[in-house]
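One letter stands for each residue in the lines below.
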Number of protein chains: 2
Amino acid sequence: MSNQSINANRLLGRIRELGEIGRDGDGRLVRLAASDSEKLGRDRFVAWVKDAGLDVAVDRIGNVFGIWRPEGTGDRPPLMLGSHIDTVVNAGMYDGCYGVLSGLEVVETMKAQGFVPSRPIAVAAFTNEEGVRYAPDMMGSLVYAGGLGVEDALATMGTDGTTLGEELERIGYAGPEEPGFLQPHAYIELHIEQGPVLERESILIGAVENLQGISWQRVTIDGDANHAGTTPMSMRRDAGHAAARVITFLHDRAIASNTPTVATVGCMSFEPNAINVIPSRAAFTVDLRDPDEDRLKAEEAELVAFLDRLAEEEQVSVSVERLARFEPVKFDAKIVGLIEKAAKDRGLTCRRMTSGAGHDAQMIARIAPSAMIFVPSVGGISHNPKEFTTDGDLVAGANVLLDVVRQFAREEE
Amino acid sequence: MSNQSINANRLLGRIRELGEIGRDGDGRLVRLAASDSEKLGRDRFVAWVKDAGLDVAVDRIGNVFGIWRPEGTGDRPPLMLGSHIDTVVNAGMYDGCYGVLSGLEVVETMKAQGFVPSRPIAVAAFTNEEGVRYAPDMMGSLVYAGGLGVEDALATMGTDGTTLGEELERIGYAGPEEPGFLQPHAYIELHIEQGPVLERESILIGAVENLQGISWQRVTIDGDANHAGTTPMSMRRDAGHAAARVITFLHDRAIASNTPTVATVGCMSFEPNAINVIPSRAAFTVDLRDPDEDRLKAEEAELVAFLDRLAEEEQVSVSVERLARFEPVKFDAKIVGLIEKAAKDRGLTCRRMTSGAGHDAQMIARIAPSAMIFVPSVGGISHNPKEFTTDGDLVAGANVLLDVVRQFAREEE
């Protein structure tokens, strides 16, 4: 089984070709969901799907599917592979595209090798995974899994004042299919890690067994904007200092926990933001993640308790707004086991791991057994032109996907 | 002596009248240095000076002087009183104006009472004390004291692209006198405290014996912008967390020192400032103040040492830019003693204190014995429409100024 291999040149060539679609005047890759440049990316993918002899289907939220329906597979639920092809601003070329194009590559390889699967195989490119232009992220797969109404999603106003539904109409990707029209038998997503773990441990394949729960909150602290020179330290209500205490609290707690908990304060603003004025307001975001729901809840509760103490000790007022909350996702143990076995059979190093980032697989996991395969990201970098995975690692990951898909199909023969 | 009193209605009326000059469409008081609205304020002050029978002189940097030269005082160096009438954006009506108008009020009171001083008395309104439109602040008094060349100051480019010299010409306040043309015998500045100390301690008069040294620095910390979900805590180079550690270090150290040291981080920015990205850069300002130069130097050195440790521990790079540095100023002990005595003779509570804010007096102290008188600011607020000092406190402060001036003049009779 491990002698079969995908067509490396075809896969790598397509990744690079798609990576050139949507460059702006400064050479930055910008293929925001439902934009003109993303339309060009979609068109290219659809052309490749047709070249491969697959059926093309588009649903109302713009998710695109290339469907291989070998004779005799009839109405059986398809095995679904995929990811997304929209990007952030100034993106790398691997995030999302690698999974979509590898799914197509696996199908083409199987066809070329005369392998006939026991069920259809669908390759999905989900709409607006990045969530840069329209919130929330992972929108296409969320709608597909029934977690968000299609009408609500289409009515979403973008950061540029556009409406997603109108933009999908405009670029010709407001399809006729109802989201969820194909009930997947299972879903497998191949993706770059977007983190440093595999590279650090010199491991080639990640068998992703779960995905962190995510808690996003915005905290606003209000104090008094007094003069930095004339207000004794003891008489201050310094919102900036209170915010700094939250950052060090979250950091020290996560470090000390010796758990996978991660805590990040990514956005921060001070008001009035003047050199000689004590900040009257500090507003910042808190990103908490943990693969264990109970632990994530406990972290949230600890933050609440700390903010209560802080308000008392620093004589500030604190308000908290919840921005997003996703429970952790457990992927399908059988698929994870198949991934491990496929890696082992090819002699590739492999470890079970947690996804720290959100992916379409976490949405599709609501309606079908799902799992993910990770390959290393050099430096752990993604969402950046420096995002890089070696050709060898890309090919190895696609071959593992090929083996897992063949195994799935064979089991039912 | 304490039976004499300034004309309270005249002083308070003028403070309010000047406070209405320069209101913008939203009712905000905006009288930026050398602007059209500040010209109107200058014109009003000059008209009052002329009404009082004083000579008007304007120097090349736009400082305006009302000079009372009683017969027989000849060429003796004048006693100088004053402050400034330019304001910040959305200012209160007391900062600066109170000192200028009280100086004029004291002169008019003495004239009306037939008191003849032993030397001329000059009332100064210094140009651009606030430094909002043109940097640095306290510019007019700095130039007057020889700390900045007049040509350099006139060439200063404003935040609006204008040049101070051209603006002074335009509004008619580029005078013929060379800055420093009057060598003050002494300088006394009456001002609202702009801090909370007098109000907190229920004390009416501050005899300001020194002024804090000021150290302004900008610190930039660079780390890595990795994914907030996928990067384990132990592998982060989090510039935001490093910045938070600086804030808590400075705060905790100042609190624990039990000295007048104050430390403030007023400006802060994170990059890329995204909720799910670890900050790659945090840039912030540090405002350190202390009335003791050795202690201020020690605080600066401790910050440098801490930043070195931080760079090592957090694996970040740190750069520091010096923005401003003023040594502490010691005011004249004799004048401070006269202020205390004048308050005591009137039965007013008084304490010696340090000015936490910068004032024109710190510049004039370079060329003449100087001191300041403070009255309470409600809530410690200034540079804000909520800036407020009660009428009774304003009158009491002006009467103390009157007594100190009379004492000065009497000593030489």
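Residues numbered from 1 in each chain as written. Chains lettered and ligands numbered in written order. Predicted model: local features only at pLDDT ≥ 70, side-chain atom pairs only at ≥ 80, totals over all residues.

A. Region of interest: the overall build of chain A. Within chain A one finds 12 helices and 14 strands. Taking 22 Å as the expected radius of gyration for a compact globule of 413 residues, we find that chain A reaches 23 Å, a close match to that expectation. A total of 413 residues make up chain A; the buried ones form 56% of that total. Considering only contacts in chain A between residues 6 or more positions apart, those separated by 24 or more positions represent 76%. (Helix = DSSP H or I, 4+ residues; strand = E, 2+ residues; numbered from the N terminus. Rg over C-alpha atoms; globule rule 2.2 N^0.38 Å. Buried ≥ 20, exposed ≤ 12 C-beta atoms within 10 Å, placed from the backbone. Contact = placed C-beta atoms within 7 Å.)

B. Region of interest: the relation of the copies chain B and chain A. Turning chain B through 180 degrees and shifting it by 0.3 Å along the axis lays it on chain A, with an RMSD of 0.2 Å. Accordingly, the operation relating the two chain copies is best matched by a two-fold axis. Residue Ala244 of chain B, judged by its C-alpha, is the member of chain B lying nearest the rotation axis, at 2.2 Å. Both copies share a contact surface, since 100% of the interface residues of chain B are interface residues in chain A too. (Least-squares fit on C-alpha atoms with pLDDT ≥ 70 in both.)

C. Broad picture of the pairing of strand β2 (residues 64–68) of chain A. Residue and element names in this part refer to chain A. Here β2 lies mainly inside the structure; 4 of its 5 residues are buried. Taken together, the 4 bridges between strand β1 (residues 55–58) and β2 define a ladder with antiparallel strand orientation. When the bridges of β2 are listed, Val58 appears paired with Val64. Summarising the sheet, β2 and strand β4 (residues 121–126) pair through 5 bridges and their orientation is antiparallel. Looking at the pairing, Trp68 lines up with Ile121 of β4. (Pairing = 2+ DSSP bridges.)

D. Region of the structure containing the interface of chain B and chain A. Contacts between the two partners involve 46 residues from chain B and, on the opposite side, 46 residues from chain A. Examining the composition of the side of chain B that touches chain A, we find that 9 residues originate from one element, helix α8 (residues 239–257) of chain B, more than from any other.

E. Representation of unusual backbone geometry within the structure. For the bond from Ala135 of chain B to Pro136 of chain B, the omega torsion is 0 degrees, close enough to zero to count as cis. Residue Asn128 of chain A is not a glycine yet carries a positive backbone phi of 55 degrees. Here Asn128 of chain A is to be found in the loop between β4 and α4 (139–144). In this structure Asn128 of chain A comes out as buried when scored by C-beta crowding, with 31 C-beta atoms within 10 Å. A positive phi angle, near 60 degrees, is found at Asn90 of chain B, a position not held by glycine. Within the secondary structure layout, Asn90 of chain B lies in strand β5 (residues 89–91). The class for Asn90 of chain B is partly exposed, based on 14 C-beta atoms found within 10 Å.

F. Just the packing of helix α8 (residues 239–257) of chain A against α8 of chain B, in detail. Put simply, α8 of chain A and α8 of chain B touch, their axes get as near as 8 Å, and they point 120 degrees apart. As far as their axial angle goes, α8 of chain B and α8 of chain A are oblique. By crossing handedness, the relation of α8 of chain A to α8 of chain B is classed as left-handed. Touching Gly240, His241, Ala244, Arg245, Ile247, Thr248 and His251 of chain A of α8 of chain A are Gly240, His241, Ala244, Arg245, Ile247, Thr248 and His251 of chain B, all from α8 of chain B. Split into classes, the residues belonging to the contact of α8 of chain A with α8 of chain B amount to 4 nonpolar, 8 polar and 2 charged. (Axes fitted to C-alpha atoms, helices over the stretch in contact; angles between N-to-C directions. Parallel < 35°, antiparallel > 145°, perpendicular 65-115°, else oblique. Left-handed = near helix turned anticlockwise from the far one by under 90°. Nonpolar A, V, L, I, M, F, W, Y, C, P; charged D, E, K, R; others polar.)

G. Highlighting the confidence of the model for chain A. Mean pLDDT over chain A stands at 95; residues scoring 70 or higher make up 99%. Of the two predicted TM-score estimates for the complex, the pTM is 0.80 and the ipTM is 0.80. (pLDDT = per-residue confidence, 0-100.)

H. Quick look at the domain arrangement of chain A. Residue and element names in this part refer to chain A. Looking at the assigned domains, one finds that chain A contains domain 1 (8–211 + 329–411) and domain 2 (213–326). Each of domain 1 and domain 2 was reduced to a C-alpha centroid, and the two centroids are 36 Å apart. Facing the 5 residues of domain 1 at the interface are 7 residues of domain 2. Considered class by class, the residues forming the side of domain 1 that touches domain 2 number 1 nonpolar, 4 polar and no charged. (Domains from an automatic or database assignment.)

I. Molecular detail of the packing of helix α1 (residues 8–19) of chain A against helix α3 (residues 97–112) of chain A. All names here are of chain A. The N-to-C vectors of α1 and α3 enclose an angle of 140 degrees; their axes lie 10 Å apart at closest approach. When the interaxial angle is binned, α1 and α3 end up oblique. The hand of the α1/α3 crossing is right-handed. Along the contact surface, α1 presents Arg10, Leu11, Arg14, Ile15, Leu18 and Gly19, while α3 presents Cys97, Tyr98, Leu101, Ser102 and Glu105. In terms of residue class, the contact of α1 with α3 is made up of 6 nonpolar, 2 polar and 3 charged.

J. Layout of the environment of Lys344 of chain B. Residue and element names in this part refer to chain B. Along the chain, the position of Lys344 falls in helix α10 (residues 333–345). Among the residues examined, Lys344 registers 13 C-beta atoms within 10 Å and is labelled partly exposed. For Lys344 and Val208, which are 136 residues apart along the polypeptide, the C-alpha to C-alpha distance reads 15 Å.

K. Here's a closer look at the pairing of strand β6 (residues 121–126) of chain B. All names here are of chain B. Where burial is concerned, most of β6 is hidden: 6 out of the 6 residues are buried. Two elements, strand β4 (residues 79–84) and β6, share 6 bridges in a ladder whose sense is parallel. Its bridge partner being in β6, Leu79 is matched across the sheet by Ile121.

L. Molecular detail of the environment of Gly149 of chain A. Looking at the element boundaries, Gly149 of chain A is found in the loop between α4 and α5 (150–154). In this structure, the C-alpha to C-alpha distance between Gly149 of chain A and Ile61 of chain A, residues 88 residues apart in sequence, is 9.9 Å.

M. Just α8 of chain A, in detail. Residue and element names in this part refer to chain A. For α8, built from 19 residues, the straight-helix expectation of 27 Å at 1.5 Å per residue is met to within 8% by its first-to-last C-alpha distance of 27 Å. Taken as a whole, α8 has its buried residues at Ala239, Gly240, His241, Ala242, Ala243, Ala244, Arg245, Val246, Ile247, Leu250, His251 and Ala254. Positive backbone phi, at 55 degrees, marks Asn258, one or two positions downstream of α8. (Expected span 1.5 Å × (residues − 1).)

N. Representation of helix α2 (residues 36–51) of chain A in the model. All names here are of chain A. With 16 residues, α2 extends 23 Å between its outermost C-alpha atoms, agreeing within 8% with the 22 Å of an ideal straight helix rising 1.5 Å per residue. Within the sequence span of α2, burial applies to Glu38, Gly41, Arg42, Phe45, Trp48 and Val49. For α2, the angular spread of the buried residues around the axis is 125 degrees, confining them to a single face. Looking at α2, the residues exposed on the side facing more than 90 degrees away from the buried face are Asp36, Ala47, Lys50 and Asp51. Buried residues in α2 make contact with α1, β1, β2, α3 and β4. Phi turns positive, to about 80 degrees, at Gly53, one or two residues after α2. (Arc of directions from axis to C-beta.)

O. A look at the environment of Gly180 of chain B. All names here are of chain B. As for its position among the elements, Gly180 is in the loop between α6 (164–171) and β7 (186–192). Between the C-alpha atom of Gly180 and that of Val143, which follows or precedes it by 37 residues, the distance is 8.1 Å. Each residue touching Gly180, except ones within four places of it in the same chain, is listed here: Tyr144 and Gly146.

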